[in-house]
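A closer look at the structure
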Amino acid sequence: MSVVETGVEGLEAVLARRIVAAAPGQARDAEAELYRLLAPRARRYGLRHLRDPHAADDLMQHVISLTLEQLRTGQLREPERVLSFVLGACRLTVLELRRGARRREELLQYYGEALLPDVADDAPWTGHQRVADCLQRLPERERSVVLLSFIEEREAGDVGAALGLSAGNVRVIRHRAIARLRDCVESTGANP
């Protein structure tokens, strides 16, 4: 005998009915509680079938978002069966992920050789000195922006604060400096 047939509903079903009865987005407390109850189950399903914590987290987020959207819009016809819906959505999503992975593998097997470059260039790149020379030829402000951005790995806002520029101005200067560096490195001795 099922839970509904005995007249005793689980908390998930009660919360699902509250979400369906409310205007979309107006049952935040019920949604949060339903998430608290269902998310760990979806994640465990993902861990069991995908064996990757990150993939399990992605599965959980996708399935719970789908469930809440279906409840908010009233498209889940039997809200008392919300747990079955979640587990079914987990199963179908995992099957779709596996089907996609299998299809990608088949395509790689079939077209893989065509994707290889014609000539393998195993020689190490020796243009380091060329890049250093081109970097030295940049105007001081552009050189400073490039060095702070890529050597010190600073964000545009930090670089701007250090140089007295706006973050947007830093991005423009960096973009132009990279273009000048590329032109310099690819050319035969032209100044940036």
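Residues numbered from 1 in each chain as written. Predicted model: local features only at pLDDT ≥ 70, side-chain atom pairs only at ≥ 80, totals over all residues. Heavy atoms only, no water.

Inspection of the entire model under this criterion finds 11 salt bridges. The residue R17 makes a salt bridge to E80 at a minimum N-O spacing of 3.0 Å. With R17 in helix α1 (residues 11–21) and E80 in the loop between α3 (53–72) and α4 (82–115), this pair connects stretches of sequence that are 63 residues apart. Here R17 falls in the partly exposed class, since its relative accessible area comes to 39%. By relative accessible area, which is 23% here, E80 ends up partly exposed. Between E152 and R154 there is a salt bridge; the shortest N-O distance is 3.5 Å. Linked by salt bridges that have partners in common, R28, E31 and R72 make up one network. (Salt bridge = Lys/Arg side-chain N within 4 Å of Asp/Glu carboxyl O. Helix = DSSP H or I, 4+ residues; strand = E, 2+ residues; numbered from the N terminus. Buried < 20%, exposed > 50% of the residue type's maximum accessible area, 1.4 Å probe, protein only.)

Helix geometry: α4 is bent most strongly at Q109, by close to 50°. Inspection of α4 places V82, V86, A89, C90, T93, V94 and G112 among the buried residues, and these make up the whole buried set. On its buried side, α4 packs onto α1, α2 (28–50) and α3. (Bend = angle between axes of the 7 residues up to and from the residue. Contact = heavy atoms within 4.5 Å.)

In this structure, I19, L34, L71, V82 and C90 are the most contacted members of the largest nonpolar core, which totals 23 residues. Going through the elements one at a time, α1, α2, α3 and α4 are the ones with two or more residues in this core. (Core = buried A, V, L, I, M, F, W, Y, C linked by side-chain atoms within 4.5 Å.)

Right, let's get into a nonpolar patch on the surface. Taken together, L107, L108, Y110, Y111 and L115 make up a surface patch of nonpolar side chains, about 570 Å² in accessible area. For L115, the position within the fold is in helix α4. A residue is classified by how much of its surface remains accessible, and L115, at 62% relative accessible area, is exposed. (Patch = residues over 30% accessible without salt bridge, like charges linked within 9 Å, V, L, I, M, F, W, Y side chains within 5 Å. Areas by Shrake-Rupley, 256 points an atom, 1.4 Å probe, with all protein chains shown as cover.)

Let us look at the state of the cysteines. Counting across every chain of the model gives 1 disulfide. Two residues share a disulfide in this structure: C134 and C184, whose sulfurs sit 2.0 Å from each other. Its S-S torsion of approximately -75° makes the covalent link between C134 and C184 left-handed. In this pair, C134 sits in helix α5 (residues 128–137) while C184 sits in helix α8 (residues 167–186), placing the two residues 50 residues apart along the sequence. Looking at C134, the relative accessible area reads 0%, which means it is buried. (Disulfide = S-S within 2.5 Å.)

We now examine unusual backbone geometry. Excluding glycine, residues mostly have negative phi values, and the peptide bonds linking residues are mostly trans. The phi dihedral of R51 is positive, around 55°, even though this residue is not glycine. One can find R51 in the loop between α2 and α3. A relative accessible area of 68% means that R51 is categorised as exposed. Its identity as a non-glycine residue notwithstanding, E153 has a phi of 55°, on the positive side. Using a relative accessible area of 67% as the deciding quantity, one classes E153 as exposed.

What follows deals with the packing of α1 against α2. α2 packs onto α1 with a crossing angle of 140° between their chain directions and a minimal axis gap of 9 Å. Classified by the angle between their axes, α1 and α2 sit oblique to one another. Crossing angle aside, the handedness with which α1 passes α2 is left-handed. Two secondary-structure elements touch here, α1 through L11, E12, L15, R18 and I19 and α2 through D29, A30, E31, E33, L34, L37, L38 and R41. Here the residues of the contact of α1 with α2 are counted per class, giving 7 nonpolar, no polar and 6 charged. (Axes fitted to C-alpha atoms, helices over the stretch in contact; angles between N-to-C directions. Parallel < 35°, antiparallel > 145°, perpendicular 65-115°, else oblique. Left-handed = near helix turned anticlockwise from the far one by under 90°. Nonpolar A, V, L, I, M, F, W, Y, C, P; charged D, E, K, R; others polar.)

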